Amino acid sequence: MDAQSLEFKGLKRRPQATAAVRGNLATKLAPVKENGKKLELVPGRIAGNAILRRLILVAFYAICIGLFVGAILMYVNLQSGLIGSVDEIAALQSQYESLKKTNDEDLQAINNSIDNEEIRRVAIEELGMHYAAEGQIVSYAENYVNDYVRVVNIIK
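Rules used throughout
- Residues numbered from 1 in each chain as written.
- Predicted model: local features only at pLDDT ≥ 70, side-chain atom pairs only at ≥ 80, totals over all residues.
- Heavy atoms only, no water.
- Helix = DSSP H or I, 4+ residues; strand = E, 2+ residues; numbered from the N terminus.
- Areas by Shrake-Rupley, 256 points an atom, 1.4 Å probe, with all protein chains shown as cover.
- Patch = residues over 30% accessible without salt bridge, like charges linked within 9 Å, V, L, I, M, F, W, Y side chains within 5 Å.
- Salt bridge = Lys/Arg side-chain N within 4 Å of Asp/Glu carboxyl O.
- Buried < 20%, exposed > 50% of the residue type's maximum accessible area, 1.4 Å probe, protein only.
- Phe/Tyr/Trp six-rings, centres within 6.5 Å; stacked < 30°, edge-to-face > 60°.
- pLDDT = per-residue confidence, 0-100.

Colleague: Describe the overall build of the protein chain, and please don't skip the residues or the numbers.
Modeller: Looking only at helices and strands, the protein chain features three helices and two strands. Listing each helix as α and each strand as β along the protein chain from the N terminus yields α-β-β-α-α. In the form shown here, the protein chain has an accessible surface area of approximately 15600 Å², with 60% of it arising from carbon and sulfur atoms.

Colleague: Can you explain a nonpolar patch on the surface? Please cite residues and give values.
Modeller: There is a patch of nonpolar side chains on the surface, built from Leu 57, Phe 60, Tyr 61, Ile 65, Phe 68, Val 69, Ile 72, Leu 73, Tyr 75 and Val 76 and spanning about 1000 Å² of accessible area. Residue position: Tyr 61 is located in helix H2 (residues 44-113).

Colleague: Go over the pattern of salt bridges with me, naming the residues and quoting the values.
Modeller: In total, this model carries four salt bridges according to the counting rule given. The partner of Arg 121 in a salt bridge is Glu 118, and the shortest N-O contact between them spans 2.6 Å. Taken together, the residues Arg 121 and Glu 118, both in helix H3 (residues 116-126) and three residues apart, mark about one turn of the helix. Taking the relative accessible area as the measure of exposure, Glu 118 reaches 36% and is therefore partly exposed.

Colleague: Residue-level account of the packing of aromatic side chains, with values.
Modeller: In total, this model carries one aromatic pair according to the counting rule given. Arranged with centres 6.1 Å apart and planes meeting at 50°, the rings of Phe 60 and Tyr 61 form a pair that is tilted. In this structure Tyr 61 comes out as partly exposed when scored by relative accessible area, which is 48%.

Colleague: If you had to explain the confidence of the model for the protein chain to someone new, which residues and values would you point to?
Modeller: Taken as a whole, the protein chain shows an average pLDDT of 77; of its residues, 59% reach a score of 70 or greater. Across the protein chain, H2 holds the top mean pLDDT of 91, while strand S1 (residues 21-22) sits lowest at 49.

Below you can see the structure in the form of C-alpha cells.
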C-alpha cells in the first residue's frame, strides 16, 4: 500500500526516526516534518479530551473525599451528642432516685402520724357511726363476664 491510500483511509504513517540507536538505548526522537508541516505526537482534540476526562475524574475524587470527610464529621458530631445524652440521662436518674427517696420518707412520716384509734373514736362518738351488724353485709360473687358492677336497686 502506498502512503496516499493510507492517508485517505484516515491512517497515517509513522514518522521515520533520524536518530541512531546506540546499544539498547535510543535517544529522544523528534517528530519528522512532512511537506513542511510539523507532526503532533498527540492531536490537539484528543489531548483536550484527555485533559477534560482528567478534570472530571479529579472533580469526582474531590466530591467523594468531601462526602467522606462530611460523613466522618457527622459521625463525630452524633457520637458527642450521644455522650452528652448519656450524661444527661445519668443526671436525671440520680435526680429521680433522690426524689423517690424523699417521697418515700414523706410517705412514711405521714403514715406514722396517722392514729387509727383517734379516727375510730371520732367516727363513733362525734359522727355517730357504728360497726355493721350481721345482716347488713352483702357480698357479691365475682363475675368475670363484665369488668364492672351494674346497680339494679339501691340497698337500704
